[in-house]
Amino acid sequence: MSEDHVETYYSATARDKRGFPTLHGDISADVAIIGGGFTGIASAVELAERGLSVVVLEANKIGWGATGRNGGQVTGSLSGDTAAVQ
Ligand SMILES: Cc1cc2nc3c(=O)[nH]c(=O)nc-3n(C[C@H](O)[C@H](O)[C@H](O)COP(=O)(O)OP(=O)(O)OC[C@H]3O[C@@H](n4cnc5c(N)ncnc54)[C@H](O)[C@@H]3O)c2cc1C
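What comes next concerns the included structure. (Residues numbered from 1 in each chain as written. Predicted model: local features only at pLDDT ≥ 70, side-chain atom pairs only at ≥ 80, totals over all residues. Heavy atoms only, no water.)

## Section: the overall build of the chain
- Across its full length, the chain carries 3 helices and 2 strands.
- Seen in sequence order, the chain has helices and strands lined up from the N terminus as α-β-α-β-α.
- Within the span of the chain, comprising 86 residues, buried residues form 13% of the whole.
- Taking the contacts inside the chain whose residues are at least 6 apart along the sequence as the reference set, 52% of them involve residues at least 24 apart.
- On the chain, roughly 6900 Å² of surface is accessible, and the fraction owed to carbon and sulfur atoms is 55%. (Helix = DSSP H or I, 4+ residues; strand = E, 2+ residues; numbered from the N terminus. Buried < 20%, exposed > 50% of the residue type's maximum accessible area, 1.4 Å probe, protein only. Contact = heavy atoms within 4.5 Å. Areas by Shrake-Rupley, 256 points an atom, 1.4 Å probe, with all protein chains shown as cover.)

Dropping the structure here:
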């Protein structure tokens, strides 16, 4: 069962609202990534740019989880990365 995006600024202003097909049966790839949030999509792009075939398996919609709900703030206090605040 796939859930739609929650109502956020991101979902309200998204220009690309395409859906992706449900996986039926088997699929082959060099790498399978579970979850289409920042982590999964960034990893997929990095790996694809290095020539690997990548499949992203997302239970709901791309950006459905925390990625589609966050405040968009880049701070060291959230990430714990002190380099980000220097
Ligand atoms: C309200 C809120 C505000 C935030 N504000 C900030 C901020 O201002 N700045 C900041 O840096 N960070 C913020 N964050 C944190 C940041 O959004 C998250 O750390 C980041 O989005 C996590 O990305 P992710 O890809 O790891 O997880 P997610 O975006 O949650 O992606 C995980 C995906 O995996 C899918 N999934 C889970 N299980 C399965 C399965 N078994 N099969 C297939 N798919 C599955 C989910 O549907 C989901 O789409 C905020 C988070 C929230 C919730």
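## Quick word on a nonpolar patch on the surface
- Where nonpolar side chains cluster on the molecular surface, the patch consists of F20, I41, V45 and I62 and spans about 340 Å² of accessible area.
- With respect to the element layout, V45 can be found in helix α2 (residues 38-49). (Patch = residues over 30% accessible without salt bridge, like charges linked within 9 Å, V, L, I, M, F, W, Y side chains within 5 Å. Salt bridge = Lys/Arg side-chain N within 4 Å of Asp/Glu carboxyl O.)

## Description of the site of the ligand
- In the neighbourhood of the ligand, 20 residues make up the surrounding shell, with T39, E58, T67, G71 and Q73 lying closest.
- T67 places a polar side-chain atom, nitrogen or oxygen, 2.5 Å from an oxygen atom of the ligand.
- In the complex, the protein chains occlude 56% of the 1000 Å² of accessible area that the ligand would expose alone.
- By residue class, the composition of the shell around the ligand is 7 nonpolar, 11 polar and 2 charged. (Near = heavy atom within 4 Å. Polar contact = N/O pair within 3.5 Å; in protein donor to acceptor, adjacent residues only side chain to side chain. Nonpolar A, V, L, I, M, F, W, Y, C, P; charged D, E, K, R; others polar.)

## Points about the pairing of strand β2 (residues 54-57)
- Pairing geometry for strand β1 (residues 31-34) and β2, over 4 bridges, is parallel. The residue bridging V31 from the neighbouring strand is V54, located in β2.
- Tracing the backbone out of β1, into α2 and back to the parallel element β2 gives a crossover that is right-handed. (Pairing = 2+ DSSP bridges. Right-handed = clockwise from strand over helix to strand, strands pointing away.)

## A short note on the side chain of T8
- Mapped onto the elements of the fold, T8 is located in the segment before α1 (9-13).
- Given a relative accessible area of 19%, T8 falls into the buried group.
- Once residues within four sequence positions are removed from consideration, T8 is found in contact with G68 and R69.

## Quick notes on the packing of aromatic side chains
- As enumerated under the stated definition, the model contains 1 aromatic pair in all.
- Centroid distance Y9 to Y10: 6.1 Å. Interplanar angle 75°. Geometry classified as edge-to-face.
- R69 extends its terminal NZ or CZ atom over the ring of W64, reaching a point 4.7 Å from the ring centre. (Phe/Tyr/Trp six-rings, centres within 6.5 Å; stacked < 30°, edge-to-face > 60°. Lys NZ or Arg CZ within 6 Å of the ring centre and 35° of its normal.)

## A word on the pattern of salt bridges
- Considering all chains together, one arrives at 2 salt bridges under this definition.
- When the shortest N-O distance is used, the salt bridge between R18 and D16 registers 2.7 Å.
- A relative accessible area of 54% means that R18 is categorised as exposed.
- Assessed through its relative accessible area of 48%, D16 is described here as partly exposed.

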